[in-house]
Amino acid sequence: MSFITSSKLLTLILVLNEKEQKILLGMKKRGFGVGKINGFGGKVEAGETIEEGARRELLEEAEIEAIDMTKVGVNMFTFENDPVGLEVHIYVTKEFKGTPTETEEMKPEWYSYSDIPYSQMWADDKVWIPLLLNNTRFMGHYHFSQDQATVLYEKLNVNIHDDDLLERFSFEQIM
Ligand SMILES: Nc1ncnc2c1[nH]c(=O)n2[C@H]1C[C@H](O)[C@@H](COP(=O)(O)OP(=O)(O)OP(=O)(O)O)O1
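Keep in mind it's a predicted model, so treat the numbers as computed, not measured.

Caption draft 1: Quick look at the overall build of the chain. When its secondary structure is counted, the chain shows 2 helices and 10 strands. Counted from the first residue to the last, the chain has its helices and strands arranged as β-β-β-α-β-β-β-β-β-α-β-β. Over its C-alpha trace the chain gives a radius of gyration of 15 Å, about what one expects of a compact globule, namely 16 Å for 175 residues. Seen along its three principal axes, the alpha-carbon backbone of the chain occupies a region of about 40 × 35 × 35 Å. Residues counted as buried form 47% of the 175 residues belonging to the chain.

Right, dumping it as C-alpha cells:
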C-alpha cells in the first residue's frame, strides 16, 4: 500500500544495439541512485515535453543523440514514508549519433542482453527490462522499502496500447 500526494516526472532511456544484442547502461556517479547501473534519464524540466527531456538527458549523461525514440513503458516508484512518487517514462532508441562517453554523471558501458548486471541495478529492473527487450509495452508500480533496496509491493500491466502510454500515470492506478 502506498499513499502519495504528488509525483515528480522523470525519464529513462535505454539504447539498444539489436544486431549485436547489446544494451547501453551507465553507472550513476552521483545523486539519487549513485553506484547503481541504469539507463540514462532524469527530471523533465519546465517547458520541455517528456520526450524532449529524455533526449536531453541522454545527451547530457552519455553525449549521444537519440534518432528513433519509442516510448515503451511508464513506471511509478513510491517509497515507504515518502508522500512523493517518481513517475518515470521509459523510451528505447535503436539508433543514435555520437560515441557513448563518460560524463560527470554516468559511466556508459555496453552489456549483452544475456549478461545484464541486475544485481547492481534497481530491484524493479529485472521485471521490466526483459519486457522492453521483447517489445512488450508495460505500466508498473513498485513500492520500495525506505532504504530503497527492496520492492515491498508491485503491480504490472503489460501489452499497453501506445496511446495509453502518452498519458500521465493516473493516481487511481496506484492501490
Ligand atoms: N526504481 C528505479 N528503477 C529504474 N530507474 C529508476 C528507478 N528510480 C529512478 O529514479 N530511476 C531513474 C529515473 C531517472 O532516469 C533516474 C533518476 O534521475 P535523477 O538523477 O534523480 O534526475 P536528474 O535530473 O538527472 O538529477 P540531477 O541532475 O538533479 O542530479 O533514475
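Caption draft 2: Quick look at the pattern of salt bridges. On inspection of all chains with the given rule, the structure shows 12 salt bridges. With its nearest N and O atoms 3.2 Å apart, the salt bridge here joins Glu 57 to Arg 56. Relative accessible area serves as the criterion here: at 6%, Glu 57 is assigned to the buried category. Classification of Arg 56 as buried rests on a relative accessible area of 17%. Here the salt bridges do not stand alone but share partners, grouping Glu 45, Glu 48, Arg 56, Glu 57 and Glu 60 into one network.

Caption draft 3: Structural context of the packing of aromatic side chains. Under the defined criterion, the tally for this structure stands at 8 aromatic pairs. An angle of 90° between the planes, with centres 6.2 Å apart, marks the rings of Phe 32 and Phe 79 as edge-to-face. Here Phe 32, found in the loop between strand E2 (22-28) and strand E3 (37-38), pairs with Phe 79, found in strand E5 (residues 69-79); they are 47 residues apart in sequence, far enough to count as distant. Judged by relative accessible area, which is 44%, Phe 32 ranks as partly exposed. For Phe 79, a relative accessible area of 8% puts it in the buried group. An aromatic cluster of three or more residues is present, and its members are Phe 32, Phe 77, Phe 79, Trp 122, Tyr 142 and Phe 144.

Caption draft 4: Representation of helix H1 (residues 50-62) within the structure. Over its 13 residues, H1 extends 18 Å from the first C-alpha to the last, a length consistent with the 18 Å expected when each residue adds 1.5 Å. Of all the residues in H1, the buried ones are Ile 50, Gly 53, Ala 54, Arg 56, Glu 57, Leu 58, Glu 61 and Ala 62. Those residues of H1 that are buried are in contact with strand E1 (6-17), strand E4 (65-66), E5, strand E6 (82-93) and strand E8 (106-112). Just downstream of H1 lies Glu 63, where phi reads positive at about 60°.

The rules we used
Residues numbered from 1 in each chain as written. Predicted model: local features only at pLDDT ≥ 70, side-chain atom pairs only at ≥ 80, totals over all residues. Heavy atoms only, no water. Helix = DSSP H or I, 4+ residues; strand = E, 2+ residues; numbered from the N terminus. Rg over C-alpha atoms; globule rule 2.2 N^0.38 Å. Buried < 20%, exposed > 50% of the residue type's maximum accessible area, 1.4 Å probe, protein only. Salt bridge = Lys/Arg side-chain N within 4 Å of Asp/Glu carboxyl O. Phe/Tyr/Trp six-rings, centres within 6.5 Å; stacked < 30°, edge-to-face > 60°. Expected span 1.5 Å × (residues − 1). Contact = heavy atoms within 4.5 Å.

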